[in-house]
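Architecture at a glance
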Amino acid sequence: MSTGFFTDTTLCIGCKACEVACKQWNELPSDGYEFTGNSYDNTSQLSGTTWRHVAFVEQMHVEETTIDDRWLMMSDVCKHCTHAGCMEACPTGAIIRNEFDSVFVQPDICNGCGYCVVSCPFGVIDLVNVFNAEASGAYGLATLNDQRLDDKQTAVQATGGVAGKCTLCYDRQTLGMTPACAKACPTESIQFGNLEELRERANARVESLAKRGIEASLYGAGDVGGGIGALNAFFLLTDRPEAYNLPVEPVLPSTRQPAGYTAAALTAAGLAIAGWMIFRNA
Amino acid sequence: MPGLGTSFGRGGATVWVPDLAHADCILIEGSNFAEAHPVAFRFVMQAKERGATIIHVDPRFTRTSAMADVYAPIRSGTDIVFLGGIINHVLANESYFKEYVAAYTNAAHLVREDFVDTEDLHGLFSGWDEEKNGYDVATWDFERDEHGAVVNDPTLQHPRCVLNVMRGHFARYTPEMVEDVCGTPRASFLKIAELLAKNSGRERTTAFAYAVGWTQHTAGVQFIRTAAILQLLLGNIGRPGGGIMALRGHANIQGATDIATLYDLLPGYLAMPSALRNEQTLEQYLKSTTKPSGWWANTPKYVVSLLKAFYGDAATKDNDFCYDYLPQLTGDHSTLPTTMAMKDGNVKGYFVIGQNPGASSQNGELTRSAMERLDWLVNIDFYDNETVSFWKREGADPSKIATEVFFLPAATVVEKEGTMVQTSRLLQWHDKAIDPARDSHSDLWYFYDLGKRLKALYAGSNDPKDRPILDMTWEYDHDDPHERAKGEPSALRVLREINGFYTATGEQVKAFTDLADDGSTAAGGWIFTGVCPDEHTNHARSRSGDDSTSLNWGWAWPANRRTLYNRASADPDGKPWSERKKYVWWDEEKREWTGYDVPDFPKTKAPATPAIPGGKGLDAHSGADPFIMNVDGKGQLFVSGALKDGPLPAHYEPLQSVVRNPLYEQQSNPMLRQWDRPDNAYNKAVDAAYPYVLTTYRVTEMSGIMTRYVPWLAELQPAAFCEINPELAVEKGIKNGGWVTISTALGEMEARALVSGRLRPLRIAKGQRVHQIGIPYNYGSQVAFARGDSVGDLIALSMDPNVSIHESKSLTCNIRAGRRAPRHSGVVDADVPSSERTTMGQSSALGPEDLRDPAALTHHARANDGKDASHGMRQMGQGDRPSPEKGA
Amino acid sequence: MHNVATPDEAFAGASGRDSLPATPTYFERPMLKAPHWEWNVITYLFLGGVMGGLGVLATIARDDRDDERRLRRSARYASFALAAINPLILISHLGRPERFLHMLRIVKFKSPMSLGVWGLILFSGAAGANVARELADAGVLPRWTRHFAPSITTPLQAALGAFVAGYTGVLLSATAIPLWGAGKTHIPAASVCSGFAGACALASLLATIEGNHAVTRKLERLEIVAGGAELAILLDFKRAAGSYGAPMFEGARGEKLRTHTLLAGIVAPMALNLIGSAIRLPKPLDAVRTTAASILTLFGGYVLRETLIEAGKASAADPRAAFRQPR
Ligand SMILES: Nc1nc2c(c(=O)[nH]1)N[C@H]1C(S)=C(S)[C@@H](COP(=O)(O)OP(=O)(O)OC[C@H]3O[C@@H](n4cnc5c(=O)[nH]c(N)nc54)[C@H](O)[C@@H]3O)O[C@H]1N2
Ligand SMILES: Nc1nc2c(c(=O)[nH]1)N[C@H]1C(S)=C(S)[C@@H](COP(=O)(O)OP(=O)(O)OC[C@H]3O[C@@H](n4cnc5c(=O)[nH]c(N)nc54)[C@H](O)[C@@H]3O)O[C@H]1N2
Ligand code: SF4
Ligand code: SF4
Ligand code: SF4
Ligand code: SF4
Ligand code: SF4
Ligand SMILES: [Mo]
């Protein structure tokens with residue numbers, strides 16, 4: 001069965017429960033403690049150790065007397081692309097498509113080459129630092145206060161140095177459980193389930209919102225173009241994708257390979273012939 | 001509680017959270033619902049999805065505003081004007097729910113002839129005594145006939161009937177006034193007024209939701225009163241999708257209030273005996289606390305059952321059921337006055353359990369330096385926090401601090417069993433998942449163990465003063481051998497004692513209607529009777545929900561009722577007001593009340609039952625009087641006497657305000673309490689040195705020290721910050737993300753700037769532009785992952801007169817770019833003349849009299865001799881909280 | 001649609017910008033992830049090109065000419081040496097170096113990294129065989145070992161060499177980094193050119209040391225062709241990339257590319273090489289000239305890779321480029 005997420009941003013209250021639930025379930029460390037000043041977003045992006053990230057978009061009209069301000073919130077996640085750049089790029093075969101049709105990184109196979117990182121058109125997957133409690137500060141202080149963490153190896157400790165991203169809670173799914181983020185979401189902004197069903201629901205949602213005068217569009221429920229196909233984690237948006245830091249025209253990187261190899265081969269042949277001629281004519 | 005309590009009869013939220021999903025309109029004001037109660041907010045979202053209109057009125061555009069259909073900005077502290085404006089609108093347009101108002105409220109009562117309204121006294125009500133600096137509330141009453149019965153005018157024509165008195169009182173609260181005072185654009189205000197009127201009546205209901213955005217003010221109780229009046233006028237109380245949702249804070253804050261961690265209450269909202277009211281004997285006490293009519297006529301049954309639960313066999317009819325073992329109030333022992341007394345060296349010891357006043361209290365430096373004056377401090381917690389480490393704070397000199405500090409490790413919620421009562425008055429049991437780490441224990445263990453040690457200490461004593469400890473029932477050993485071995489008491493046993501039992505057989509009591517005043521029953525908290533109705537049942541464990549009222553999910557007090565006053569969901573004849581809003585109704589065939597909820601009414605009392613004049617208890621009410629706790633069975637639009645600052649709400653400016661009160665000459669609440677002294681300096685009203693409004697609140701990501709230590713939460717909001725609008729930022733040269741210093745007369749704090757259009761500058765009267773600055777209160781200096789100065793350090797202590805709640809929402813301040821100067825040694829020795837020093841139980845204004853007894857308000861005394869200090873300590877030891885929730 | 005009405009001034013501090021750009025992005029946050037690649041990957045790409053080019057040279061050179069015979073020998077030794085070092089450099093960049101062998105679990109045609117590793121390994125095999133043959137010829141190894149290096153390994157090393165030089169370009173261009181994607185033909189082609197030029201430079205350096213002056217002339221001529229082609233390709237890349245090319249061709253990095261790679265690394269050695277073929281310089285001076293030209297070419301080749309990687313990082317950080325990715 002293909003499962004995935006329909007993240008409906010009109011229902012998101014920006015509580016970040018999804019972000020925290022994901023970190024807790026997957027035992028991921030914090031990414032540092034930087035105050036950004038970017039609305040309420042201090043984690044800024046998805047990373048090797050932040051697999052859900054809530055974006056905050058303030059659209060305020062300070063001067064006007066009529067009030068139609070908007071504060072858009074969206075919980076971003078790996079898209080589990082039909083044609084996944086990360087998976088195609090991976091030289092070790094660490095990234096596979098599992099029985100739920102999600103794109104899954106096998107941490108015991110990955111060697112941390114980082115090639116998937118530059119091959120994801122959505123900027124999702126990233127490398128995880130080799131775990132260092134003192135340097136990261138993640139569990140350092142907590143350990144001081146609570147020895148229960150002492151002898152407990154976190155997932156990150158075991159898998160540092162490799163690529164990390166949302167697993168679509170593969171472990172939970174195999175037990176028939178809902179992914180942690182969807183489970184934690186209080187408003188059903190994150191809906192998990194069978195993709196067919198989710199897509200139907202999403203289409204119906206766009207229509208019902210339209211009836212209420214809310215313009216919304218789906219991102220990734222169908223083909224996003226660029227050879228990527230549909231996204232198994234798709235979104236309902238009420239603004240341009242760029243407003244949420246999503247690409248309007250993503251491209252599957254491997255589509256550029258034929259041109260690249262051809263150019264290289266022709267150039268090499270040309271130079272080899274030139275060399276051959278130079279050597280013979282001398 | 002008194003805001004709701006005086007209006008409807010009980011202090012609790014009138015509805016339960018999931019019922020919000022049935023509302024046609026929800027007004028959220030005084031709460032940042034989505035951020036502070038995100039899980040409960042799902043029901044607001046459900047309502048929205050079903051077509052309800054969501055309205056948010058707040059100084060800031062928050063995550064709640066983002067979800068609302070209509071957002072209106074408001075200047076902090078002006079909600080009485082906003083809501084008063086709607087009351088005026090509803091009355092002027094005759095758009096209130098007439099049948100409901102006529103039948104279920106005291107609109108027809110005639111107010112005494114000598115009552116004079118604020119209109120004619122420049123903002124004061126009649127009875128003001130300049131000398132006493134307080135009110136004589138005698139005139140705030142109804143006209144009574146020779147039998148003492150209230151005189152009514154059912155035609156609502158009499159100029160002195162409550163409805164018409166209200167018309168006059170609120171006439172000044174016009175849309176123009178709202179715009180001038182609140183800064184809310186007129187169009188937004190009118191739109192909201194119309195939405196409320198449109199979504200109320202027979203076919204539709206509107207719910208209100210508030211939290212500490214309304215309570216933490218010097219007139220907080222009156223904010224809530226205004227809402228109560230409006231909801232009564234709109235006919236929304238007791239009906240599905242209606243009501244007033246008072247959102248409680250901490251997980252068990254409702255339960256803590258119910259079971260009386262407040263100094264002036266015994267479990268179940270029974271009054272604490274008071275030396276100020278001559279309650280030396282049980283008889284005197286019962287006389288002063290029992291009401292002739294209404295539910296509180298049953299007070300003796302609950303008091304005697306409580307004493308039986310406390311003292312078991314030792315409590316007999318002959319010895320007044322050990323009534324004299326109970327401590328008696330000698331003054332205001334609430335947190336703020338006690339903190340002042342501590343600062344002035346009059347408190348010796350301090351138990352702090354589950355609270356972190358070092359970071360979350362107002363006037364943090366005063367609070368922390370007060371601890372330097374203690375002999376000892378006991379803190380039970382699982383984190384090193386600003387309280388237990390007060391002696392390490394910036395600027396302190398540990399070598400000069402003699403306080404002995406005991407830090408005891410607490411078990412976390414998953415390491416212990418028990419119940420919590422959440423915001424809907426719902427008891428939910430939680431099991432223990434793992435043993436507490438190392439030396440930690442449940443809080444229950446600490447108290448159980450302490451009790452056992454005290455009993456052992458006094459064992460064999462014949463001294464009468466030791467009897468209370470020796471006679472105290474104290475048998476809560478766990479049934480599970482594993483727990484018993486660890487000394488952990490059984491929370492279930494405690495709960496079963498709270499539920500109550502027959503003293504002869506030990507059998508559980510099934511309902512509080514079975515409790516008696518002869519010693520045959522014992523119950524530790526009568527409102528909870530029914531949660532464990534027999535030996536094998538614990539309804540707090542119930543976990544089956546349904547699409548309706550989910551009566552089998554948890555257990556709500558009282559009697560598992562979800563929506564209070566639900567008799568009002570039917571018309572006076574007992575028929576639903578409309579099919580759409582059907583909830584509880586009279587079944588003519590079975591001759592009983594029935595419906596989706598447990599009826600909040602005597603089950604077989606027919607709608608046509610006449611009231612018996614002079615009748616005892618509920619006999620004094622007719623079959624159409626839904627507010628059974630109130631003396632007259634009606635919702636109180638005009639509250640006679642019970643509140644200290646007025647029978648009707650009137651707008652006063654906050655103590656520290658940027659403007660003069662545009663409504664009345666009276667600038668701020670005449671009854672508010674303050675301590676004007678060097679270590680508690682206030683910003684003057686309309687002080688050019690402090691030109692900006694300051695408000696404080698919490699953010700979803702943080703909840704004080706517990707979250708600051710959690711990396712996953714700390715990374716989400718890693719530093720104390722200050723929300724400021726771009727216009728002001730530019731004017732002050734403040735850069736987004738950079739440092740700012742915010743100052744008041746009390747001190748300075750630094751924070752990171754979050755420049756955002758969400759804090760809209762307001763235009764008020766005469767085009768004056770008001771900037772509001774917002775700071776989350778969740779931070780503190782303790783070394784943790786997230787940290788920063790605590791905003792409480794900027795806020796001088798002042799209190800609301802009714803519930804002693806601090807002001808932390810409407811303040812003034814100044815701001816500049818850059819960081820603050822380092823702090824130097826605390827103000828512990830700041831010279832406060834000994835005559836101005838506070839002792840235990842002293843307050844600067846009025847005493848702590850029982851709020852339900854107007855008569856008691858007229859006489860009060862100050863008690864400030866040293867003897868009482870130790871007496872007050874006992875009460876504090878019960879885990880006295882700052883009781884912010886009291887405001888509801 | 002909605003625009004953020006917030007005075008720019010207040011925001012200048014946080015992001016270090018002076019004003020908000022016309023179309024708001026998400027707080028100017030990058031949309032893509034930048035490569036984690038540092039000096040080791042840069043070196044790997046650079047040496048891979050040189051190594052591959054040497055493989056081709058070793059094939060073009062004929063056995064029946066002494067100068068070319070010596071070239072073949074040194075090219076074989078040098079490329080083999082690089083084939084031995086380069087995997088170590090590659091491994092050093094892995095987050096989990098001990099798992100290098102996981103690369104060999106599969107062959108994945110969609111993954112330039114996978115193909116490249118296999119190419120590298122096969123290249124090493126061919127290079128090893130050819131070196132073994134040289135050693136056998138030199139009498140270091142017993143003569144019978146020559147049978148292990150059939151004559152096919154010579155052209156094979158050329159083919160694999162061309163692949164290895166070219167794939168490093170495809171490796172970059174077949175990613176989501178907008179700059180690299182915009183150079184989907186230019187980067188592979190330029191990588192091949194740079195690899196060939198570098199190989200010629202290294203070979204002429206070795207020939208100069210050996211005193212094999214006859215072959216340096218030939219190599220220099222080939223280097224001129226490769227350099228010229230590279231220059232043309234890079235200039236066309238700049239044109240074709242348009243705004244995607246900014247991180248590479250504009251600002252300080254563009255300046256460095258111009259001075260270090262284009263001028264110092266291509267034009268200058270080209271000029272020196274042209275001088276060499278036009279006028280006969282005295283021997284010592286000529287050796288200096290050749291050496292200088294070679295070093296400059298190699299330097300230019302390294303800086304090209306470095307610029308590509310660093311500009312790639314900058315390109316990843318530009319959300320506007322990432323919103324509409326080059327096809
Ligand atoms: N994540 C999280 N959740 C919490 C807590 C926490 O610390 N963290 N604390 C819990 C506790 S203890 C409590 S009491 C509740 C409190 O719950 P809330 O009262 O909802 O929380 P506050 O953030 O104090 O919200 C008050 C809101 O009132 C606004 N406000 C300030 N002054 C005024 C005013 O004069 N009028 C009006 N209309 N609005 C005003 C503020 O801008 C703010 O948005 O939250 C509980 N939930
Ligand atoms: N300026 C300003 N000040 C405010 C407010 C505001 O809005 N503005 N809000 C006020 C409000 S509403 C409140 S409720 C207070 C909150 O103020 P506090 O209650 O002081 O704040 P918390 O940080 O929640 O402190 C709870 C403490 O209890 C500990 N704890 C948690 N669980 C347990 C347990 O099971 N057992 C024991 N023994 N300890 C436990 C935690 O570790 C923590 O130290 O702050 C008030 N202060
Ligand atoms: S979004 Fe990126 S990381 Fe996720 S499957 Fe697609 S390509 Fe891979
Ligand atoms: S980092 Fe790991 S998952 Fe990513 S491409 Fe390399 S081996 Fe594959
Ligand atoms: S599905 Fe699981 S791994 Fe993925 S974001 Fe949600 S919680 Fe994290
Ligand atoms: S948990 Fe749900 S509502 Fe909360 S931020 Fe995540 S998606 Fe939004
Ligand atoms: S922390 Fe607990 S009480 Fe607060 S919203 Fe979350 S679940 Fe509800
Ligand atoms: Mo609270």
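See the structure shown above.
The structure reproduced in this document is the subject of the present report. (Residues numbered from 1 in each chain as written. Chains lettered and ligands numbered in written order. Predicted model: local features only at pLDDT ≥ 70, side-chain atom pairs only at ≥ 80, totals over all residues. Heavy atoms only, no water.)

1. Quick notes on the overall build of chain B
For chain B, the helix and strand inventory stands at 26 helices and 29 strands. For 888 residues, the compact-globule estimate of 2.2 N^0.38 gives 29 Å, and chain B sits close to it at 26 Å. The burial tally for chain B puts 66% of its 888 residues in the buried class. The contacts in chain B between residues at least 6 apart in sequence include a share of 72% that link residues at least 24 apart. (Helix = DSSP H or I, 4+ residues; strand = E, 2+ residues; numbered from the N terminus. Rg over C-alpha atoms; globule rule 2.2 N^0.38 Å. Buried < 20%, exposed > 50% of the residue type's maximum accessible area, 1.4 Å probe, protein only. Contact = heavy atoms within 4.5 Å.)

2. Concerning the pattern of salt bridges
On inspection of all chains with the given rule, the structure shows 87 salt bridges over all chains. Put simply, B:Glu49 and A:Arg212 hold a salt bridge, and the shortest N to O gap is 3.2 Å. Of this pair, B:Glu49 sits in helix α3 (residues 41–49) while A:Arg212 sits in the loop between α9 (195–211) and β9 (217–219), each in a different chain. A salt bridge links B:Asp793 to B:Arg823, with the nearest nitrogen and oxygen atoms 3.3 Å apart. Residue B:Asp793 is found in the loop between β27 (772–776) and β28 (798–799), and its partner B:Arg823 is found in the loop between β29 (811–817) and α25 (854–857); the two are separated by 30 residues along the sequence. (Salt bridge = Lys/Arg side-chain N within 4 Å of Asp/Glu carboxyl O.)

3. Details of the site of ligand 5
Residues in contact with ligand 5 amount to 13 residues; listed here are only the nearest, A:Cys22, A:Arg52, A:Cys166, A:Cys169 and A:Cys181. Taken together, the elements giving at least two residues each to the shell around ligand 5 come down to α1 (17–26) and α8 (180–184) of chain A. (Near = heavy atom within 4 Å.)

4. Considering a nonpolar patch on the surface
All names here are of chain A. Nonpolar side chains collect at one region of the surface, where Trp25, Leu175 and Met177 lie side by side and expose about 290 Å² of accessible area between them. Along the chain, the position of Met177 falls in the loop between α7 (170–174) and α8. Judged by relative accessible area, Met177 falls into the partly exposed class, the value being 31%. (Patch = residues over 30% accessible without salt bridge, like charges linked within 9 Å, V, L, I, M, F, W, Y side chains within 5 Å. Areas by Shrake-Rupley, 256 points an atom, 1.4 Å probe, with all protein chains shown as cover.)

5. Looking at the interface of chain A and chain C
For interface size, the figure often reported is the accessible area lost on association. At the junction of the two partners, chain A supplies 88 residues and chain C supplies 76 residues. Counting the surface chain A buries against chain C, the share from its top three residues, A:Tyr115, A:Arg256 and A:Phe279, is 13%. Between chain A and chain C we count two salt bridges in total. Going through the elements one at a time, β2 (52–59), α2 (85–89), α3 (115–119), β6 (126–127), α6 (155–159) and α10 (257–281) of chain A are the ones with two or more residues in the side of chain A that touches chain C. With 16 residues, α10(A) is the single largest residue contributor to the side of chain A that touches chain C. (Buried area = accessible area lost by both parts, 1.4 Å probe.)

6. Describing the pairing of strand β14 (residues 426–430) of chain B
Burial analysis of β14(B) places four of its five residues in the buried class, the great majority of the element. The hairpin formed by strand β13 (residues 418–421) of chain B and β14(B) contains four residues between the paired strands, and B:Arg425 there has a positive phi angle of roughly 65°. (Pairing = 2+ DSSP bridges.)

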